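Structure assessment
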Amino acid sequence: DTGVSQNPRHKITKRGQNVTFRCDPISEHNRLYWYRQTLGQGPEFLTYFQNEAQLEKSRLLSDRFSAERPKGSFSTLEIQRTEQGDSAMYLCASSPRGGSNQPQHFGDGTRLSIL
Amino acid sequence: DQQVKQNSPSLSVQEGRISILNCDYTNSMFDYFLWYKKYPAEGPTFLISISSIKDKNEDGRFTVFLNKSAKHLSLHIVPSQPGDSAVYFCAAPPYSGAGSYQLTFGKGTKLSVIP
């Protein structure tokens, strides 16, 4: 069990640039989630995939955000035209088949800093 | 509208004593709860969970208690160890029939165990 892997660990970019993050879930997990965490807050749900299908999206996921999981394995989260408010830790999690009581296992996140 | 609340931002406990972390929720439809532990620069790690059909779940030094009538749960760590120093998050998925898997997190409590 290699755990959930996220790359890069840190990303610094200028406002207005596009950024893309990658998440590799635990191999046997078919569910994948993206969350965002800002200072002093708990993680906030962004979106969820079951295999390659994106089944839930939060209202936090504005039009500038897009997530994909093309082959049901790794996922990417892209933010276009970044803004100062996008500075946060972006967390990916995965879980196996089963009900909503299957614990989600998190990666170490990508910290995004917008200059 | 914060559905999961952790009202104590921080807690300090002497090594060997009991740590009690509290969590309140407002959504009576929640039927499953999880606790996660987070070290700096790492993602949250699943610690322990409890179903609403139980009022207690124990795993080694960690015990979670659920009081459904008060919409309150607590995590007890006995005995506390310096390695337990971390931020602890309470979280809940939607009720099991909702067909949703997004976790709602509290803001976290930072536990410091003093040697």
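Okay, so let's go over this structure. (Residues numbered from 1 in each chain as written. Chains lettered and ligands numbered in written order. Predicted model: local features only at pLDDT ≥ 70, side-chain atom pairs only at ≥ 80, totals over all residues. Heavy atoms only, no water.)

Taken residue by residue, the interface counts 22 residues in chain A and 21 residues in chain B. Summing the contributions of chain A and of chain B, the shared interface buries around 1,800 Å²; its carbon and sulfur component is 57%. At the surface where chain A touches chain B, the tally comes to zero salt bridges. On inspection of chain A and its partner chain B, the count reaches eight residue pairs in polar contact (both at pLDDT 80 or more). Sorting the residues of the side of chain A that touches chain B by element identifies β4 (31-37) and β5 (44-50) of chain A as the ones contributing at least two each. (Contact = heavy atoms within 4.5 Å. Buried area = accessible area lost by both parts, 1.4 Å probe. Salt bridge = Lys/Arg side-chain N within 4 Å of Asp/Glu carboxyl O. Polar contact = N/O pair within 3.5 Å; in protein donor to acceptor, adjacent residues only side chain to side chain. Helix = DSSP H or I, 4+ residues; strand = E, 2+ residues; numbered from the N terminus.)

Residues and elements named next belong to chain B. Read from one edge of the open sheet, five strands run β1-β3-β8-β7-β6, paired in antiparallel fashion. On the outer flanks of this sheet lie β1 (4-5) and β6 (56-59), each paired with one strand and no other. Sheet analysis places β6 next to strand β7 (residues 62-67), joined by four bridges and oriented antiparallel. Each residue of the ladder has a partner; that of K56, found in β7, is F65. (Pairing = 2+ DSSP bridges.)

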